Amino acid sequence: MKRVNILDCTLRDGGYLIDSQFGNTAIKGIIRGLTDSGVDVIECGFLKDEPHQNGTTVFNHASDLRSYLPEDRKQASYVCLADYSRYSIDKLEPFDGTSIDGVRACFFKDERYQVMDFCRSIVEKGYKLYVQPVDILGYTDAELLELLSMVNELEPYAFSIVDTFGSLYKEDLQRVFYLIHHNLCASAKIGFHSHNNLQMSFALSQEFIEMTQGLRHVVVDTSMAGMGRGAGNTNTELVMQYMNRKYNSGYDINGLLDLIDNYIDGFQNRYEWGYSIPYFLAGSYSAHVNNISYLSTKAGIASRDINYLLNRLDAADRKRYDYDLLEKIYMEYLGAICDDKAQIASLKKQLAGRDILMLLPGHSIVSHKEAIDSYCQEKQPIVISVNLLSHDYPINYAYFSNKNRYQYWKSATHFAEYKKIVTSNVTTDSTPDQMVVDFTRLVKCGWEQLDNSGILLLRLLDLLEVKSIAIAGFDGYSHSISSQNYVQKDMEKLRNTLNAEEANQDIRSMLEDYMNTRNLNCPISFITPSLFEEIV
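Residues numbered from 1 in each chain as written. Predicted model: local features only at pLDDT ≥ 70, side-chain atom pairs only at ≥ 80, totals over all residues. Heavy atoms only, no water.

A.B. asks: I would appreciate a short explanation of the pattern of salt bridges in the present structure.
C.D. replies: When charged atoms on two side chains of opposite charge get close, those side chains can pair. The tally for this structure, following the rule as stated, stands at 23 salt bridges. Put simply, Glu-146 and Arg-112 hold a salt bridge, and the shortest N to O gap is 3.8 Å. Residue Glu-146 is found in helix H4 (residues 141-152), and its partner Arg-112 is found in the loop between strand S5 (102-107) and helix H3 (115-124); the two are separated by 34 residues along the sequence. (Salt bridge = Lys/Arg side-chain N within 4 Å of Asp/Glu carboxyl O. Helix = DSSP H or I, 4+ residues; strand = E, 2+ residues; numbered from the N terminus.)

Below is the structure:
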C-alpha cells in the first residue's frame, strides 16, 4: 500500500469557479485521464440535495456517477464530498462497487456533534469515511481532541487537516499534525487540504509528506493547475513530480499535462484563480474568499484598503461573508478618507523644528505633574494633548482620533478654547480652529489596537519634522480593578482593563514598528513612567 496518496479534487474544488459546469466530455475525460495517470483518489464532485444535471459535478445519488466512471478503474478510488448541511445522507444508497467507494463528510465546527450520525451512516452503508472538518485552525486543542475522540468511535478511513482559509504556516501544520497523529485511531490516514493564499500550499504539502514519514499513511489533496476558488489549491502536477523525483512513485506526469492542456487551459482562459495580493490578505486574516471578492468589486479600492477593512472585522465575521456588514464598514471607511495636503503643510509650518510634548490621558500625568511642569518650564514645548482637555497643563493643540472622546469633550464649556487636530474618522468638518488629517494616512493594519491614538499621533509627528518628542501619560494598561488607567475614572475602557496584557503587547508591537520605520530621527523620551519606556 502506498504511504502517500494523491487525491485530485479538481472536479469538486474547481467546480466552485464554474458552478460545477464542466460538461460531460470534460468530466469523463478528466476522470479517465486521472485514473490513467496513476492518481490514487479522484474526487468526482459534490453530493447535494438537488437533482443531478447533465454535465455538472453535483450529484444527488451515488448511482448518478456510474456513467462517468471508467470501466477499468486500475488502482483509483473515487469519492464525492457531502456537506453535512446540504445533503440528506438517507439519499445515499448502500455501497455496491459500481460507483464511488468513499464519501468526504464536510462540516463546520458548530455542527461537529450533529455530524456524527451523518458520518456513522456513511460507514454503515459500506463507504470509506473521510472526515473533513472545516477550518482546522478554528479549533482549540481541547475542541480538536474532543472531535477526535468522537471520530475514533467510527474508525474513519481518513481524517483531514483542512486549511480552509489558506492561513497555515509550517509550525501550525506541525502542531496540528502531531496532535492528530497522537490521538487519531492508528488505522486512519491523515489528509491535508490546503489553499494557496500565502504561496505556501506546495511547500506545506512537501513538509506534510516529509514529516509524516514512518508515522502515518497520508492523503494530499491537489487540483490540476491549482484550480480552485480564490487562491486555488496545491497543484497536482507539482506534487506528482515531487513524488516521482523523491520516491519514484511512477505517476504519469505527461498524461496529466495532457489533461491540463485539453481541459483546464480552456477554463483558465475564462476564469481566474491563483495567488494574488487580495487573497494573500484573506489568508493573513483567515477570511472567507467571498469577502475579498465583494470588496474587490469596489471601484478604486486598493490592497491597503482591503487590509484595513478585514482588520476591522472580528475573527468570527471574517470567516463568514456578511455583505451588509462589509458594506457598512466600507462606507464608514470611505468617510474617513480626505484630502489633507493643506492641513499637513500648515501643521508642518507651525511645528517643524519645535520640541513637542505629547500629553496622553494616563493617570501618571496626575501623579507626576511636577515632572511635566518642570519639563514645560525648561523646554517651552508645543503641548499636544491626546483625547484630553485640561486647564492644568498649557495645551497648545488638542488632538483627537477617538470619536467617542471627541464627542465627550465637545460638550465641555472650554472645548472652543483649544486649537484642535482631528483625524477624519472622527469628523471631516474643518473650521478655523480645527484641522482635519486623513485617518487612513496614519493607520497601519495588523493589530487589534491599530487605532491607538498615541501611536497615530507619533506617525503624524513623523511627517512634520519636529525637533524632539517627549511623552507623558502613555502609561499602559493594568487589569487590576484597584488601578486607575486614566486621569479620569470615567475614561476607563472595560475592553482594555479586562485584556490588559494583550492590549499592552499590541501597543508595544506597534511602537516597535514605529521606531523601526519612522523617517524622522528626532529624540523621543518619556517624562512619566510607562510600560513602553525601553522601546524608545
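Okay, back to it.
A.B. asks: What is the right way to read H4 from this model?
C.D. replies: Residues lying three or four places apart along an α-helix face the same way, a consequence of the helix completing one turn every 3.6 residues. Spanning 12 residues, H4 covers 16 Å between terminal C-alpha atoms, matching the ideal 16 Å at 1.5 Å per step. Contacts from the buried residues of H4 go to S5, H3, strand S6 (128-133), strand S7 (158-162) and helix H5 (170-181). (Expected span 1.5 Å × (residues − 1). Contact = heavy atoms within 4.5 Å.)

A.B. asks: Can you help me understand the environment of Gly-14 in this one?
C.D. replies: Within the element layout of this structure, Gly-14 appears in the loop between helix H1 (10-13) and helix H2 (24-37). Distance in space between the C-alpha atoms of Gly-14 and Trp-273 is 9.5 Å, their sequence separation being 259 residues. Those residues within four positions of Gly-14 in sequence are excluded, and the remaining contacts are Cys-9, Phe-22, Met-227 and Gly-228.

A.B. asks: Would you take a moment to explain the packing of helix H10 (residues 289-296) against helix H13 (residues 323-334) for this structure?
C.D. replies: Any two packed helices are characterised by how steeply their axes cross, that is the angle between the axes, and by the distance between the axes. Two numbers describe how H10 lies on H13: the axes approach to 11 Å, and their chain directions differ by 50°. Judged on the interaxial angle alone, H13 and H10 are oblique. Judged by the sense of rotation from one axis to the other, the crossing of H10 with H13 is right-handed. Each of Asn-290, Asn-291, Tyr-294 and Leu-295 in H10 lies in contact with H13, whose residues at this interface are Tyr-323, Leu-326 and Glu-327. For the contact of H10 with H13, the per-class residue count stands at 4 nonpolar, 2 polar and 1 charged. (Axes fitted to C-alpha atoms, helices over the stretch in contact; angles between N-to-C directions. Parallel < 35°, antiparallel > 145°, perpendicular 65-115°, else oblique. Left-handed = near helix turned anticlockwise from the far one by under 90°. Nonpolar A, V, L, I, M, F, W, Y, C, P; charged D, E, K, R; others polar.)

A.B. asks: Would you mind showing me how to read the packing of aromatic side chains here?
C.D. replies: How two aromatic rings sit relative to each other is given by the distance of their centres and the angle of their planes. For the structure shown, the criterion picks out 20 aromatic pairs. Here the aromatic rings of Tyr-242 and Tyr-247 are separated by 6.5 Å at their centres, their planes lie at 75°, and the arrangement is edge-to-face. On the accessibility criterion, Tyr-242 (11% relative accessible area) is buried. Grouped by ring-pair contacts, the aromatic residues Phe-177, Tyr-178, Phe-192 and Phe-208 constitute a single cluster. (Phe/Tyr/Trp six-rings, centres within 6.5 Å; stacked < 30°, edge-to-face > 60°. Buried < 20%, exposed > 50% of the residue type's maximum accessible area, 1.4 Å probe, protein only.)

Taken by themselves, the reported measurements are silent on function.
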